[in-house]
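Report on the structure
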Amino acid sequence: MKNGKWVMSSRDRVPLLILLGAIVLAFVGSWLPGRTLFARDLTYLFHPMHVWTAENLQAGHLPLWNPYVSGGVPWLGQPQTGVLYPGNLLFWIFPFVTGLKMFHALHFFLSALGGYLWAKSVGGSRPKALAAGLLWSLNGFWRARAEFLPLLAVLSWTPWMALFYRARSMVPLAWTGALSVAAGFWPQVAWSAVLVVTAGGWRRAKGVWPAIPLAAGLSAAALFPGLELALRSGRVAEGLGGAAAAYAFSPRQWIGLVWPWASAMSGAAYTGEKFFWLGCFFTGFVGAALAANAFLKAPGRWKIAWAALFTAGAVLSLGDATPVFPFLTGHVPPFQWVRFPGQFSFWMTGAALALVTVGSWKPRPRIAAVVLGLLAVELLADGAGMYPTIDAGYFHRKPAWISTVQGAEGRLFLTPRAVGDMSAQGSDVTEAWTRLREKGLSLTTLPYHLRNVNPIGFSLNPYSTEKLLSSLYGSPSFRAAIPILNRLNVRWAASPSPLMEEGLVPRGVGPWNLYERTVPPVPADKRFLQTAEMWDPGWTAWSHGHPLKTENDVGMLSINKDGVVAEDVRFLFRPTAFRAGLWLTLVFWMTLAAWGVQWLTCL
């Protein structure tokens, strides 16, 4: 930055081309025509999520509600759907595999460019800026999050937030903050904010604090429905014996910052990844050495801040091995939403990246060339083969059993054993993953419009949904669950073991024992007219133009039946939070646009 303006010259072309080339090499396997990388959450979460959202947006419908998942769920209110995040336009316009490649290219280069410009803004030389760009795009934490698209998007905007925070550029800071919120992984937004403030210092907050309400206003259409859903949803850290214990680090795994093989965690062999994502956060020996050099040269007060951030990430990554994490999850509400302590390794990696970016490093040209070469080679080598690749048609193959159920009346129910069966057998990882996907886990049935009542891996699950599904999946037997299955209009059931109940007709297709139920008509309730959706306060109902009162009937959406015929009822899901957020977002963007026009006319 010079005289308050960003300056880039023709001399920056070579470093930027090097960054772009390094990113291409890092994902060379997935760039090839007909190939794509694949992993757990891409397969059974983000692929079906983006395909269904794109289908609605292309038809001119804003997907506020999804009737096909878990008996019906609020959709836009789920932050990770990223319905209003501009970066996801790639998935709305292009087929999923093409959109995925472009999404990765865009966000990894965004992160590299942000790190490069941030290093330049603090007076860094081009070699130091190039080192920062390489580290901000090719470090292990970023690379291992390539399957978690909302998280990757937030990470990609982190160096930009730090850049604008340091420059006290309030409006650009608000923009990047709003984009991070819209991207959908809100815990990472908070963790990134801590890193940004540590890197820029608390004193700068006085000049840019209005960026917080401005960012909230710009993203209110996504933020408000998400907050509304969070207030009536439950997801807490599972504590001892749960995910918090299973996915915590050991002190030995801290070495993974410089040597990723030291941080290997259980599950890597099953997923086919080179390093299991929760245990991957490397910067390499060269990157760590550059960060250590910057730390030693930093003033005393900065050393304390960086040491505190790094230590906090290291200790919290240990999970229940120390009393710190259990205390925070038990007494500090935001920590109750953290399931994986290993995620706090972000502060270890982030501290190293920021130190390289803001630190003092002015080597001679030849030494700089050697260091940069070693850094690039090490990062590329450590991350080579991070994810396996597969034929691009993988995401579009329809399992054979889907055709049996697709278009049929009623919902699909996977028994508890079927939902819990995450085993993957095959001669290689590709075959194993293909067989796993055919089991219809999580959202994988969504592109085929199969209505199911299966538990899913969303971060926000309404209490009413959790209560109903807990009752269903907590039933001691299939026979005991029949009353709930009938009310949910479940006509299809799938189980790894044979079901011997009456009224089940075998349909021997697919990886499970698939049955069609001869469901008797549900007896008419004297008070309630029940719909086929889960209950949510955003629903409104009318009959002949007159509003009807909706109620929560054991987790189901119901209305008073007196004098009402089902065929005359019309429903609409339009939560108050979305309407308020949409109007607020429009006001903020129009105000900002008017300000921009006025500023341009004054130039």
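One can find the structure itself at the top, above this paragraph.
Presented here is a report on the structure given in the accompanying data block. (Residues numbered from 1 in each chain as written. Predicted model: local features only at pLDDT ≥ 70, side-chain atom pairs only at ≥ 80, totals over all residues. Heavy atoms only, no water.)

With respect to the pairing of strand E5 (residues 411-414)
Neither face of E5 is left uncovered, since the one carrying Arg411 and Phe413 and the one carrying Leu412 and Leu414 both have all their residues buried. With four bridges joining them, E5 and strand E6 (residues 490-495) adopt parallel strand pairing. Opposite Leu412, over in E6, you have Trp492 as the bridge partner. (Buried < 20%, exposed > 50% of the residue type's maximum accessible area, 1.4 Å probe, protein only. Helix = DSSP H or I, 4+ residues; strand = E, 2+ residues; numbered from the N terminus. Pairing = 2+ DSSP bridges.)

Quick look at the packing of aromatic side chains
A complete count under the given rule lists 36 aromatic pairs for this structure. Ring geometry for Trp52 against Tyr68: centres 6.4 Å apart, planes inclined by 75°, an arrangement best described as edge-to-face. Highlighted residues: Trp52 in helix H3 (residues 40-58) and Tyr68 in the loop between strand E2 (65-66) and strand E3 (73-74), separated in sequence by 16 residues. Tyr68 matches Trp52 in its accessibility class, with the two residues each being buried. Arranged with centres 5.6 Å apart and planes meeting at 50°, the rings of Phe344 and Trp347 form a pair that is tilted. Just as Phe344 is buried, Trp347 falls in that class too. Three or more aromatic residues joined by ring pairs make a cluster, and in this case those are Phe38, Phe91, Phe96, Phe103, Tyr394 and Phe395. Geometry around Phe27 places Arg143 over its ring, the cationic atom sitting 5.2 Å from the centre. Sitting above the plane of the Tyr394 ring, Arg437 keeps its charged end 5.3 Å from the centroid. (Phe/Tyr/Trp six-rings, centres within 6.5 Å; stacked < 30°, edge-to-face > 60°. Lys NZ or Arg CZ within 6 Å of the ring centre and 35° of its normal.)

Describing a nonpolar patch on the surface
On the surface, a cluster of nonpolar side chains totalling about 350 Å² of accessible area is made up of Leu89, Ile93, Phe94 and Met102. Locating Met102 in the fold gives a position in helix H5 (residues 96-121). Overall, Met102 belongs to the partly exposed group, its relative accessible area being 33%. (Patch = residues over 30% accessible without salt bridge, like charges linked within 9 Å, V, L, I, M, F, W, Y side chains within 5 Å. Areas by Shrake-Rupley, 256 points an atom, 1.4 Å probe, with all protein chains shown as cover. Salt bridge = Lys/Arg side-chain N within 4 Å of Asp/Glu carboxyl O.)

Some remarks on the environment of Arg145
Note on placement: Arg145 falls in the loop between helix H7 (140-143) and helix H8 (149-166). The class for Arg145 is buried, based on a relative accessible area of 0%. Apart from residues lying up to four places away in sequence, Arg145 is in contact with Gly140, Leu151, Leu152, Leu155, Trp277, Leu278, Cys280, Gln343 and Tyr387. A distance of 2.8 Å separates a polar atom in the side chain of Arg145 from the backbone oxygen of Trp277. From its side chain, Arg145 meets the backbone oxygen of Cys280 in a polar contact 3.0 Å long. (Contact = heavy atoms within 4.5 Å. Polar contact = N/O pair within 3.5 Å; in protein donor to acceptor, adjacent residues only side chain to side chain.)

A few points about the pattern of salt bridges
As enumerated under the stated definition, the model contains eleven salt bridges in all. For Asp536, the salt bridge identified is with Arg232, shortest N-O distance 2.9 Å. Of this pair, Asp536 sits in the loop between strand E9 (528-534) and strand E10 (539-543) while Arg232 sits in the loop between helix H13 (220-231) and helix H14 (243-246); the two residues are 304 residues apart in sequence, bridging distant segments of the chain. Like Asp536, the residue Arg232 is buried in the burial classification. Glu431 is the partner of Arg435 in a salt bridge, and the nearest nitrogen-oxygen pair spans 2.7 Å. Separated by four residues within a single helix, Arg435 and Glu431 lie in helix H23 (residues 429-437), roughly one turn from each other.

A closer look at the nonpolar core
Trp75, Leu134, Trp142 and Trp306 are the most contacted members of the largest nonpolar core, which totals 146 residues. If you tally residues by element for this core, the top one is H8, at 13 residues. Residues contacting Trp142, with those up to four places away along its chain left out, are Phe108, Ser111, Trp136, Ser137, Leu152, Leu155, Ser156, Phe346 and Leu353. Core analysis: the next-biggest nonpolar cluster, separate from the first, contains 18 residues, Val453, Leu468, Ile484 and Tyr515 among them. (Core = buried A, V, L, I, M, F, W, Y, C linked by side-chain atoms within 4.5 Å.)

Quick look at the environment of Arg166
By secondary structure assignment, the location of Arg166 is in helix H8. Among the residues examined, Arg166 registers a relative accessible area of 26% and is labelled partly exposed. Measuring from C-alpha to C-alpha, the distance between Arg166 and Arg204 comes to 7.0 Å, with 38 residues separating the pair along the chain. Arg166 has contacts with Trp118, Ser121, Val122 and Arg204, leaving out every residue within four places of it along the chain.

A short note on unusual backbone geometry
Despite not being glycine, Ser70 has its phi angle at roughly 50°, a positive value. Its place among the elements puts Ser70 in the loop between E2 and E3. Phi at Asn489 is positive, roughly 60°, even though this residue is not glycine. Among the secondary structure elements, Asn489 is positioned in the loop between helix H25 (478-487) and E6.

Side note on the sheet that holds E5
Strand order in this open sheet of four strands is E5-E6-E8-E7, and the pairing throughout is mixed. Of all the strands in the sheet, just E5 and strand E7 (504-506) have a single pairing partner and so form its edges. The mean angle between the axes of side-by-side strands here comes to 30°, regardless of whether they run parallel or antiparallel. Of the pairings in the sheet, the one linking E7 to strand E8 (residues 513-517) comprises three bridges and is antiparallel in character. Paired with Leu504 across the bridge in E8 is Arg517. Contacting E5, E6, E7 and E8, H25 crosses the sheet at an angle of about 50° to E8. (Axes fitted to C-alpha atoms, helices over the stretch in contact; angles between N-to-C directions.)

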